[in-house]
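# Summary of structural features
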Amino acid sequence: MKDFMARNPFWTLIIVLAVCFLIWAIFAPWPPGFVDTFGRKKIFLNALFNGVTLGALYFLVASGFTLIFGLMKNVNLAHGSLYLLGGYIGYDVANTTGWWLLSFIVVFVVVGAMGVLLQVLVFQRMEGQDLRQTLVTIGISIVVADLMLWYWGGDFYQILTPDWLSGPIQLPIVTAVKSSGEAVFLKYPFVRLVILVASIVIGFAMWLSLNKTRVGMLIRAGVDDRDMLSATGVRIQRVFVLVFAFGAGLAGVAGVVGGTFQSLAPGEDTRFLLASLVVVIVGGMGSIPGAALGALLIGLAEQFGSVYMPTYAVVLTFLIMVVVLAFRPQGLLGERR
Amino acid sequence: MAVTEDTGTAPINGKPQSWWSGLSLASVPTPYWFVGAILLLLPVLVGPFMLFQVFGWALILGMIALSLMFLGGYGGMVSLVQMSVAASAAYMLAIFGESAITQISLGWPWWVAIPIALIIATAFGTLTGALAVRTEGIYTIMITLAIASAFFYFTRQNYVLFNGFSGFNGVTPPELFGVDWRQPTPFYYLTLFWAAVAYLSVLYVSRAPFGLALQGVRDNARRMEALGYNVTAHRIAAYVLASFIAAVAGILLVWLNGQVSPGTAGIGPAIDILIIAVIGGLARPVGPFIGAIIYVLLRTFALDFMVSIGLSGERFQLLVGVVFLAIVFWSPDGILGLWERWRNRMNSTDRLTGKARDNDGGSEV
């Protein structure tokens, strides 16, 4: 942080100004001239909150991807399929048992077990063969996508939010002031805020366990030099299996989350695979804070894009990726190796 | 590289040779004559449906996959953007030339529209390449995949230029020399001609100094840089050639289908091109064509096959996926690799001297 400020005083100033402007735009009532150019404040705030919560979802998907890539250099292009599979299984569990929270546990275990299978049956056999891994995982994603289409059909599924989470909640943020002088406060779906908080907690827990625990130490050592680590007697294959299971389970959990505040359908797997690709390319491969930053940027870009330039919202995310690649090929927070 | 072992055609012994000196008829290996004869006589052997929808399509897909094979096999850069390059050529032809969407199409004559389409598509592919070569290996795949999907979404959303979701239809080849090129037999010969040109030019480039340097870059970029080669320039130049081949194939594709839409270059088709190239084998230029024939046959007849074994025909993707998975799992170098290993097992007796293998080394293509 301090390094960054010392090295880039200009960019620090710009970032500080942008953050100040953002805080002002969130909390202060907007002057009329402002409303004319940017539209109503409510729209802006909704786009902002949607963007941040979407970013939280993207972070859940992409952090598993980037963790697996960072440690094992495994490119798992079946990651999107794990997401969608998790969503479908979560839907079935939540529908039959009626317990929303139970579906998270079941999905984490089941999809995590799929991850173990993938790691043991596929990736261990072709360690270090990038292209082959890519091709095999593409093949797996095609087969899994068709099997899922076979079993669950082409319909849209949405996981019902439990009662204690449904409905909007009033936030202490003024969107407009009525002519009578009465302030109108922003209302926002409670479940999205819960998911946002939960992903921040998960992200923080990941950071903490990576930096403060023994397993985290092993993982970081493995990222830096895995041959050396296995030479010191660590059974690195076990660490690999563990990380893969965790990353896959996280993708599955993200599927339940995505199924709750968006919907599940064939094609969502590719969408989320692409999203996590873009997120980790923008944020930097193998970096958890990078995934967080990238997810936030992409989520915001998608939502603001769909509000302020609806036609090209999807293209905007790819544009961000291209710009980042052109100026910083290793990603915003990635390290050059 | 097996291709460079063939000293009969490659002037690598230092003596200056004119470029055609290796092209005397006697040096063409027997399988070439055989395959060439079959391909030329095909209109007599099969019906118009097979000719147009199966072999015409396979040759076009083979050309696009060939451009991927050139980048992947000789340059070590697996690019998923080739289908988008082909589709951009198709779009440009529809925009500058004639189509049923008269409010967008400019209706310029074909001898203006085609060169413009080729130039723009090649420029698009080259730009993508320039962006992709900033990264390496697996990153290239991801970045080109992302660019391919950006192209798909952009064309789907843009109505001013690309006519959005429905794209363009009614794009037909010009009637030249009194021949209707949309008819199966003339169109087949047209695609066969361009496929042969693309195949031979890739074969030629792979043995020319540029191709050899490119293979050097693939094997050890650092050493090539130390030897004074401009690695980035070689890679981008490879993208130029590959994009041009893909662009030519794109123009043939729009004539074959009569239409082009965002779905032409969706994420599925982009990955299909990779599948085709890998099923055939990324090591030889002939691989993509073999892969394309297998893919098209699967695609055309999988339905009947699935029904005959008691599954519903909708599970076509499953069949393709399983075949693809089996091939990449057990033979990473594709069908050609399987064939080669089988042949080696048949006639290799002495692994130390390799004598038994030498006598049919000339038949390698």
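Residues numbered from 1 in each chain as written. Chains lettered and ligands numbered in written order. Predicted model: local features only at pLDDT ≥ 70, side-chain atom pairs only at ≥ 80, totals over all residues.

### Some details on the overall build of chain B
Regarding its fold elements, chain B presents 14 helices and two strands. Burial status across chain B gives 44% buried among its 365 residues. (Helix = DSSP H or I, 4+ residues; strand = E, 2+ residues; numbered from the N terminus. Buried ≥ 20, exposed ≤ 12 C-beta atoms within 10 Å, placed from the backbone.)

### Notes on the overall build of chain A
Looking only at helices and strands, one finds 14 helices and two strands in chain A. Relative to its length of 337 residues, chain A is compact, with a C-alpha radius of gyration of 21 Å against a globular reference of 20 Å. Projected onto its principal axes, the C-alpha positions of chain A cover 70 × 55 × 35 Å. Relative to its full complement of 337 residues, chain A shows a buried share of 45%. (Rg over C-alpha atoms; globule rule 2.2 N^0.38 Å.)

### Some points on the nonpolar core
For soluble globular proteins, nonpolar side chains are generally found buried alongside one another. Among the nonpolar cores identified, the biggest contains 201 residues, and Leu93 and Ala146 of chain B are the most heavily contacted of them. Setting aside its immediate chain neighbours within four residues, Leu93 of chain B contacts Ala113, Ile114, Ala117, Val171, Ile251 and Val254 of chain B. (Core = buried A, V, L, I, M, F, W, Y, C linked by C-beta atoms within 7 Å. Contact = placed C-beta atoms within 7 Å.)

### What to know about the interface of chain A and chain B
Quite often, the size of an interface is put as the accessible area lost when its parts meet. Counting from both sides, the interface comprises 30 residues of chain A and, opposite them, 29 residues of chain B. Of all the elements in the fold, those that place two or more residues in the side of chain A that touches chain B are helix H7 (130-152), helix H12 (268-283) and helix H14 (313-327) of chain A. Of all the elements, H7 of chain A adds the most residues to the side of chain A that touches chain B, at 14 residues. A per-class count over the side of chain A that touches chain B returns 23 nonpolar, four polar and three charged. (Nonpolar A, V, L, I, M, F, W, Y, C, P; charged D, E, K, R; others polar.)

### Looking at the environment of Gln303 of chain A
Residue and element names in this part refer to chain A. Considering the arrangement of structural elements, one finds Gln303 in helix H13 (residues 288-308). The buried category is assigned to Gln303, around which 21 C-beta atoms lie within 10 Å. Expressed as a C-alpha distance, the spacing of Gln303 and Leu54, which sit 249 residues apart in the sequence, is 8.3 Å. Setting aside its immediate chain neighbours within four residues, Gln303 contacts Ala47, Asn50, Gly51 and Leu54.

### What to know about the packing of helix H5 (residues 79-97) of chain A against helix H6 (residues 100-123) of chain A
Residues and elements named next belong to chain A. Relative to each other, H5 and H6 sit at 140°, their axes nearing to 8 Å. The interaxial crossing formed by H5 with H6 has right-handed handedness. From H5, Leu82, Leu85, Gly86, Ile89, Gly90, Val93, Ala94 and Thr97 reach across to H6, where they touch Trp100, Leu102, Ser103, Val106, Val107, Val110, Val111, Met114 and Gly115. Looking at the contact of H5 with H6 residue by residue, the class counts come to twelve nonpolar, five polar and no charged. (Axes fitted to C-alpha atoms, helices over the stretch in contact; angles between N-to-C directions. Left-handed = near helix turned anticlockwise from the far one by under 90°.)

### As for the environment of Thr270 of chain A
Looking at the secondary structure, you find Thr270 of chain A in helix H12. In this structure, the C-alpha to C-alpha distance between Thr270 of chain A and Val241 of chain A, residues 29 residues apart in sequence, is 24 Å. Among residues more than four places away in sequence, those in contact with Thr270 of chain A are Gly80 of chain A together with Ile267 of chain B.

### Considering the confidence of the model for chain B
Residues and elements named next belong to chain B. With 84% of its residues at a pLDDT of at least 70, chain B reaches an overall mean of 77. Of all the helices and strands in chain B, helix H14 (residues 355-358) carries the lowest mean pLDDT, 52, while helix H9 (residues 231-257) carries the highest, 89. Taken together, the stretch residues 1-16 has pLDDT below 50 and engages in 17 contacts with residues farther than four places along the chain or on a different chain. Across residues 357-365 the pLDDT falls below 50, and counting only partners more than four positions away or on other chains, this stretch makes 13 contacts in the model. With pTM at 0.80, the complex prediction returns an ipTM value of 0.72. (pLDDT = per-residue confidence, 0-100.)

### Here we look at the confidence of the model for chain A
This prediction gives chain A a mean pLDDT of 82; 92% of its residues lie at or above 70. When the elements of chain A are averaged for pLDDT, helix H3 (residues 32-38) of chain A gives the smallest value, 65, and H5 of chain A the largest, 89.

### Some remarks on H9 of chain B
For H9 of chain B, which comprises 27 residues, the first-to-last C-alpha distance of 38 Å matches the rise-based estimate of 39 Å (1.5 Å per residue) to within 8%. Gly258 of chain B sits one or two residues past H9 of chain B and shows a positive phi near 75°. (Expected span 1.5 Å × (residues − 1).)

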